[in-house]
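Geometric and topological summary
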Amino acid sequence: MPNLDNLLEQLTAGRIGRRQFLARAIRLGLSFPAASALLAASTQPAAGAPAAPASGQLGPVVPTLEFAHYSADYSPTFVAIARILMEDFKKIGFDIQLKPMNFNVFVSQITVGGQISDLALVSWGADPDRLDPNHWLGDLNTCGSRRNSGHWCDAEWDKMFKEQRVVLDESKRRALVFKMSAYHNERLPQWPVAHNGDFMLYNHRKFENFPNSTPIQVTDARKEPWLSITPRTDDTILDLGSREDVSTWNVLAEPASFGWLRMVYQTFVRDDGSKLGDWAATSWKVVDPTTIEIKLRDGAKFHDGREVTAKDAVFTFNYLLEWKPPTYQVAMGNVKGATAVDKLTLRVMLKEPDAAFFRKTLTFVPVLPEHIWSQVPKAVGVKTPMQWDPQPDKKVIGSGPFVFDHWTKDQECLLKRFDGFYQPAKIAGLRKVVFSSGDAMVAAMQQGQVDFTTDLIDVGKAADIARQNKQLTFVNIPVHSTQCVVVNHKKELFQDPAIRQALRLASNKERINQEALLGYGAVPGEGPIPIMMDFWYDKSLKKWGYNLDRARQVLKSAGYGWDKDGRLRFPAKGPNIPSDASMR
């Protein structure tokens with residue numbers, strides 16, 4: 001059976017009709033509204049282009065632009081978003097070639113690999129550390145950042161970022177964040193087009209007590225609902241359906257699904273959305289602007305029975321500084337070192353004051369058992385700790401709420417409850433079952449083989465399934481997960497502000513939310529900060545809106561024009577690149 005990408009190609013090529021497309025898309029697992037949205041995005045006619053200027057007044061045709069996005073086997077939502085954007089970009093003269101990519105390939109090559117060709121639909125999940133502005137301001141936009149997939153580099157922006165990140169007074173910091181948001185909104189290095197609606201779909205006849213985590217999506221790194229879920233039958237192991245597996249059980253090397261590892265490897269702090277909550281640490285305080293004191297939980301144990309102490313925590317920070325695993329580059333970038341004060345107290349020294357340290361670092365860094373990791377890499381025969389596979393050595397040892405039991409790659413993994421945890425889970429364990437298709441996931445949910453899922457199927461499909469199956473409950477969770485249009489600033493075309501402004505004006509966020517997200521998401525505001533981060537979001541930012549006529553006028557005013565076929569052509573002298581090097 002073809003996947004959705006192949007089905008869309010057949011529709012575009014005219015090999016199948018609209019009814020055939022809808023029938024086959026539904027058989028592939030889409031709900032009727034989702035299939036209809038894809039059909040609409042694929043078949044809407046392009047609007048007429050403005051009249052062509054006189055011959056000789058324009059340069060060459062703007063070349064075809066490659067637009068990379070997640071493929072349909074990951075989620076049809078991203079395909080629908082990309083096609084809606086492509087349709088409107090074509091209406092103002094751009095020729096767009098969609099490039100669907102496997103999730104892991106997209107992340108490694110585009111999101112953190114920097115191998116963007118022209119445009120990309122980059123997605124950021126609603127991880128707890130991203131409730132701090134530094135993710136949106138720094139990780140995604142500062143010069144040389146690993147996650148700055150569009151290569152925007154602006155010296156003034158980097159200066160403002162460094163200024164706000166050291167301000168510990170949140171009201172003063174907020175004013176600086178607002179200033180940066182206005183600066184970003186004028187220059188449009190990238191822009192949000194969708195905030196996903198997340199969800200829980202679970203079998204309420206077998207399990208209950210699933211707290212809604214709004215505004216944070218249900219991730220493997222959270223306390224809830226995992227510690228509250230309560231069995232209603234003798235089946236006390238929750239079967240969790242998932243679209244992806246981890247690639248390794250080395251917590252220093254896993255590049256994408258590290259949240260699942262944090263069920264085993266406990267971080268210092270957790271983020272409950274409105275406030276930070278204790279986890280491995282019970283309290284923390286600012287000793288001075290560059291020194292943070294952390295108190296660990298008394299009586300905490302690793303899964304092999306050894307006590308968790310400040311010595312382990314200090315070892316963790318200094319070990320990460322020594323070996324510099326790429327996954328921890330952002331979290332550890334401002335850490336200078338750590339020392340123990342007493343058995344349960346340590347101090348972390350920062351290179352400079354860092355207002356985001358608590359959410360960015362303490363919610364992300366796990367406490368490693370020194371008695372195990374101090375033997376790595378030398379005693380285990382590898383060159384770096386990131387190359388070690390702890391599973392065969394039975395060394396997947398942490399201090400989190402669940403204990404590693406077994407793993408069959410790309411099939412299932414079983415974690416059992418750790419009774420020595422300070423707040424033991426009510427379920428006996430979590431079995432993660434990996435599915436390669438939405439159809440298989442749906443069938444497993446309907447037949448009671450899977451008890452809970454938050455992914456693989458889109459949110460509209462999940463709501464449909466709950467309506468059709470009385471044993472299932474659907475919960476919608478508005479979160480700060482964000483999809484952005486990112487452009488390649490290394491190319492002269494995208495260094496022209498008029499190009500970015502026109503593309504932004506041709507981005508129909510309202511339609512994306514209604515058709516691609518079926519109304520379960522949220523329409524983003526302006527600037528880099530998600531609207532769910534209410535304290536940090538500036539509601540007074542200039543509104544760009546969706547306006548194709550204005551987009552064409554912006555291009556025309558910058559010297560662009562259209563030939564008789566409606567194709568966009570450069571100004572006679574080429575793109576209008578600012579004279580300062582900040583936009584290069």
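Residues numbered from 1 in each chain as written. Predicted model: local features only at pLDDT ≥ 70, side-chain atom pairs only at ≥ 80, totals over all residues. Heavy atoms only, no water.

**Brief notes about the overall build of the protein chain**
Condition: The numbering of helices and of strands both runs from the N terminus, where a helix is a DSSP run of H or I of at least 4 residues and a strand a run of E of at least 2. Only heavy atoms matter for contacts: two residues are in contact if any of them lie within 4.5 Å across the pair. To be clear on the numbers: accessible area is Shrake-Rupley with a 1.4 Å probe, and residue cover counts the displayed protein chains and nothing else.
Helix and strand content of the protein chain: 19 helices and 21 strands. For the protein chain, restricting intrachain contacts to residue pairs at least 6 apart in sequence, the fraction spanning at least 24 positions comes to 69%. In the structure as shown, the protein chain presents an accessible area of about 22,600 Å², 49% of it carried by carbon and sulfur atoms.

**Considerations on the state of the cysteines**
We count it as follows: Cysteine sulfur atoms that come within 2.5 Å of each other are treated as a disulfide pair. Classification of residues uses two cut-offs on accessible area relative to the type maximum, computed with a 1.4 Å probe and protein chains only: under 20% is buried, over 50% is exposed, and between them is partly exposed.
Within the structure shown, the criterion is met by one disulfide. Covalent S-S linkage joins Cys 143 and Cys 153, the inter-sulfur distance amounting to 2.0 Å. Because the torsion about its S-S bond is 105 degrees, the bridge between Cys 143 and Cys 153 counts as right-handed. Here Cys 143, found in the loop between α6 (133-139) and α7 (155-165), pairs with Cys 153, found in the loop between α6 and α7; they are 10 residues apart in sequence, far enough to count as distant. According to the relative accessible area criterion, Cys 153 is partly exposed, its value standing at 30%.

**Focus on the packing of helix α4 (residues 76-91) against helix α18 (residues 509-516)**
Let me state the cut-off plainly: Between the N-to-C directions of two axes lies an angle of 0 to 180 degrees, each axis being a line fitted to C-alpha atoms and, for a helix, fitted only over the stretch in contact. Each crossing gets its hand from how the near helix is turned against the far one by less than a right angle, where anticlockwise is left-handed and clockwise is right-handed. All amino acids are sorted into three groups, where Ala, Val, Leu, Ile, Met, Phe, Trp, Tyr, Cys and Pro are nonpolar, Asp, Glu, Lys and Arg are charged, and the leftover types, Gly among them, are polar.
As a packed pair, α4 and α18 sit with axes 10 Å apart at the nearest point and diverge in direction by 145 degrees. α4 and α18 meet at a crossing whose hand is right-handed. Mapping the contact onto sequence places Thr 77, Ala 80, Ile 81, Ile 84, Leu 85 and Glu 87 in α4 and Arg 511, Ile 512, Glu 515 and Ala 516 in α18. A class-by-class count of the residues in the contact of α4 with α18 yields six nonpolar, one polar and three charged.

**Side note on the sheet that holds strand β12 (residues 291-296)**
Just so we agree on the cut-off: Two strands make a pair as long as DSSP finds a minimum of two bridges between them.
Spatial strand order, β11-β12-β14-β13: four strands in an open sheet with antiparallel pairing. The sheet is open, and its two edges are formed by β11 (281-288) and β13 (335-342), each paired on a single side. In this sheet, neighbouring strand axes are inclined to one another by 20 degrees on average, regardless of whether the strands run parallel or antiparallel. Relative to β12, β11 runs antiparallel, the two being bridged by six bridges. When the bridges of β12 are listed, Asp 288 appears paired with Thr 291. Each of β12, β13 and β14 (345-350) touches helix α10 (residues 310-323); the most contacted strand, β13, lies at about 165 degrees to it.

**Focus: the nonpolar core**
Heads up, the condition is: In this description, a nonpolar core means a group of buried Ala, Val, Leu, Ile, Met, Phe, Trp, Tyr and Cys residues linked to one another through side-chain atoms lying within 4.5 Å.
Grouped together as the largest cluster of nonpolar side chains are 75 residues, with contacts concentrated most on Trp 226, Trp 249, Phe 268, Phe 317 and Trp 373. Once you skip the residues sitting within four places of it in the chain, Trp 373 turns out to touch Asn 250, Val 251, Leu 252, Tyr 265, Phe 315, Tyr 319, Leu 368, Pro 385 and Trp 388. If you look at the next biggest cluster of nonpolar residues, it comprises 73 residues, including Leu 65, Trp 136, Val 485 and Phe 494.

**Brief notes about the environment of Leu 119**
By secondary structure assignment, the location of Leu 119 is in strand β4 (residues 119-124). If we skip the residues at most four places from it in the chain, Leu 119 touches Leu 65, Glu 66, Phe 67, Ala 68, Ile 96, Val 485, Val 486, Val 487, Phe 494 and Leu 503.

**Some remarks on α10**
Rules: Working rule for helices: expected span equals 1.5 Å times residues minus one.
For α10, which comprises 14 residues, the first-to-last C-alpha distance of 20 Å matches the rise-based estimate of 20 Å (1.5 Å per residue) to within 8%. Among the residues of α10, Ala 310, Asp 312, Ala 313, Val 314, Phe 315, Thr 316, Phe 317, Tyr 319 and Leu 320 are the ones counted as buried. Here the buried face of α10 lies against β12, α11 (329-332), β13, β14, α12 (357-362) and α13 (370-373). The positive-phi residue at the C-terminal boundary of α10 is Lys 324, with phi of around 50 degrees.

**Remarks on the sheet that holds strand β20 (residues 561-562)**
Read across the sheet, three strands follow the order β1-β21-β20 without closing on themselves; strand pairing throughout is antiparallel. Whereas interior strands pair on both sides, the edge strands pair on one side only; in this sheet they are β1 (58-61) and β20.

**A word on the pairing of strand β19 (residues 472-487)**
β19 sits mainly inside the fold: 12 of its 16 residues count as buried. Two strands pair when backbone bridges link them, and β4 and β19 are joined in this way by six bridges, in the antiparallel orientation. Paired with Leu 119 across the bridge in β19 is Val 487. For strand β5 (residues 190-203) and β19, the ladder comprises 12 bridges, and the chain directions are antiparallel. Within the sheet, the bridge partner assigned to Asn 203 lies in β19 and is Leu 472.

**Side note on helix α5 (residues 103-111)**
For clarity, the cut-off: An arc is given here, and it is the one of the directions from the helix axis to the C-beta atoms. Two N or O atoms form a polar contact when they lie within 3.5 Å of each other; inside protein one atom must be a possible hydrogen donor and the other a possible acceptor, and for residues adjacent in sequence the pair counts only when both atoms belong to side chains.
Three or more residues of α5 are buried, namely Phe 103, Phe 106, Val 107, Ile 110 and Thr 111. In a view along the axis of α5, the buried residues occupy a sector of 105 degrees, so they form one face of it. Elements in contact with the buried residues of α5: β2 (65-70), β3 (96-101) and β4. The distance from a side-chain oxygen at the start of α5 to the backbone nitrogen of Asn 104 is 3.0 Å, and the residue carrying that oxygen is Asn 102.

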